[in-house]
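Single-letter residue listing:
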Amino acid sequence: MNKAAIFDLDGTLADTALDLLNAGNLTFEEMGINYRLKENLDEGISSKGGRSTIREGLLKANGYVEEESVEKLYPIFLKNYEKVIDENSKLYDGTLEMLEFLSSKKIRLGVCTNKPKKQADILLKKLGIHSFFEIIVGPDTYGCAKPNPKPLKKIIDFLGSSLNSSVLVGDTSTDYMTSQAASVPFILVLYGHGVVHQNFNTSCTPYLAKSALGMADLILKIIKIIEITRSDFLVY
């Protein structure tokens, strides 16, 4: 049975909040919405994704939100996002080395993101890490998004692994709920969007990563079951 590590993208592999914020502002400008997200203040909104960003703009400009309007604006947001997708986005320190290390240990790697697959592929290629992942799944791949466990389970099956031989790495409550629904161990990235911008509670999991390089050792310990129990709180 193969060992597998599956990663969220935004806030886990890379800091993308500012480019998402700028894509939102480009969309608001294009559509004549009188609201702008502010850098160093509103990353907690933009880091939740395009629809969250659109909802905030509509709410602040109109005082209410209609989901039909959100869905109409979402393709415009994605178009604008592609214009700025890597202007500010960058890998977290140690991420490249972490992926190289896991690959050298024959750990099978995948990405489970709520970013549409097209934009996920674009960003991962621009960041120079696309080739590390055997499978990249977005909400449009199987017609459902996290926290539905289906995308994660499909990735695990594709990688020839099992729920007991895999781990999910993420930074938000959505990632945590996905891991719970799939019964897969969850590593929380302490430097990601969820903790830094969204005040996500770190007590949800015993497995905490304070650096990408430390995360590599933690992944090996979890999936190889080396002297670890669910009562242990490990910070790497």
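Scope of this entry: the structure provided in the associated data block. (Residues numbered from 1 in each chain as written. Predicted model: local features only at pLDDT ≥ 70, side-chain atom pairs only at ≥ 80, totals over all residues. Heavy atoms only, no water.)

A separate point is the overall build of the protein. A tally of regular secondary structure across the protein gives 10 helices and nine strands. Against the 2.2 N^0.38 benchmark of 18 Å for 236 residues, the protein shows a C-alpha radius of gyration of 18 Å, consistent with a compact globule. Projecting the C-alpha coordinates of the protein onto the three principal axes gives extents of approximately 55 × 30 × 30 Å. Per-residue burial for the protein yields a buried fraction of 53% across its 236 residues. Sequence-distant contacts in the protein: of pairs separated by 6 or more residues, those separated by 24 or more amount to 65%. As presented, the protein carries roughly 10600 Å² of accessible surface, and 49% of it is formed by carbon and sulfur atoms. (Helix = DSSP H or I, 4+ residues; strand = E, 2+ residues; numbered from the N terminus. Rg over C-alpha atoms; globule rule 2.2 N^0.38 Å. Buried < 20%, exposed > 50% of the residue type's maximum accessible area, 1.4 Å probe, protein only. Contact = heavy atoms within 4.5 Å. Areas by Shrake-Rupley, 256 points an atom, 1.4 Å probe, with all protein chains shown as cover.)

On to the pairing of strand S6 (residues 166-170), then. Across the five residues that make up S6, a large majority, five, are buried. Taking every second residue as pointing to the same face, both faces of S6 are buried, with Ser166, Leu168 and Gly170 on one and Val167 and Val169 on the other. The pairing of S6 with strand S7 (residues 186-189) spans three bridges and is classified as parallel. By the bridge assignment for S7, Gly170 is matched with Leu188. (Pairing = 2+ DSSP bridges.)

Mapped onto the elements of the fold, Thr113 is located in the loop between strand S4 (108-112) and helix H6 (117-127). At 2.9 Å, the side chain of Thr113 forms a polar contact with the backbone nitrogen of Lys115. For Thr113, the contacting residues outside a window of four places in its chain are Asp8, Leu9, Asp10, Ala120, Val137, Gly138, Pro139 and Lys146. (Polar contact = N/O pair within 3.5 Å; in protein donor to acceptor, adjacent residues only side chain to side chain.)

Those residues of H6 that fall on the buried side of the exposure criterion are Gln119, Ala120, Asp121, Leu123, Leu124 and Leu127. On its buried face, H6 sits against strand S2 (14-15), helix H4 (67-84), strand S3 (90-91), S4 and strand S5 (135-137). Remark: Gly128 follows H6 within two positions and exhibits a positive phi of approximately 80 degrees.

In this section: the packing of helix H1 (residues 17-30) against H4. It is at 8 Å that the axes of H1 and H4 come closest, and there the two elements cross at 125 degrees. Between H1 and H4, the crossing angle belongs to the class labelled oblique. When the axes of H1 and H4 are compared, the crossing they make is right-handed. Along its contact with H1, which presents Asp19, Leu20, Ala23, Gly24, Leu26, Thr27 and Glu30, the element H4 presents Leu73, Ile76, Phe77, Lys79, Asn80, Tyr81 and Val84. By residue class, the composition of the contact of H1 with H4 is eight nonpolar, three polar and three charged. (Axes fitted to C-alpha atoms, helices over the stretch in contact; angles between N-to-C directions. Parallel < 35°, antiparallel > 145°, perpendicular 65-115°, else oblique. Left-handed = near helix turned anticlockwise from the far one by under 90°. Nonpolar A, V, L, I, M, F, W, Y, C, P; charged D, E, K, R; others polar.)

Inspection of every chain in the model, using the stated rule, returns 11 salt bridges. With a closest N to O distance of 2.7 Å, Glu56 and Lys60 form a salt bridge. Here Lys60 and Glu56 lie together in helix H3 (residues 50-62), a separation of four residues that amounts to about one turn. Taking the relative accessible area as the measure of exposure, Glu56 reaches 17% and is therefore buried. Salt-bridge contacts for Lys146 lead to Asp175; the nearest nitrogen and oxygen are separated by 2.7 Å. Of this pair, Lys146 sits in the loop between S5 and helix H7 (150-158) while Asp175 is found in helix H8 (residues 173-182), placing the two residues 29 residues apart along the sequence. Judged by its relative accessible area of 7%, Lys146 falls in the buried class. A relative accessible area of 1% means that Asp175 is categorised as buried. Here the salt bridges share partners, and the residues they tie into one network are Asp8, Lys146 and Asp175. (Salt bridge = Lys/Arg side-chain N within 4 Å of Asp/Glu carboxyl O.)

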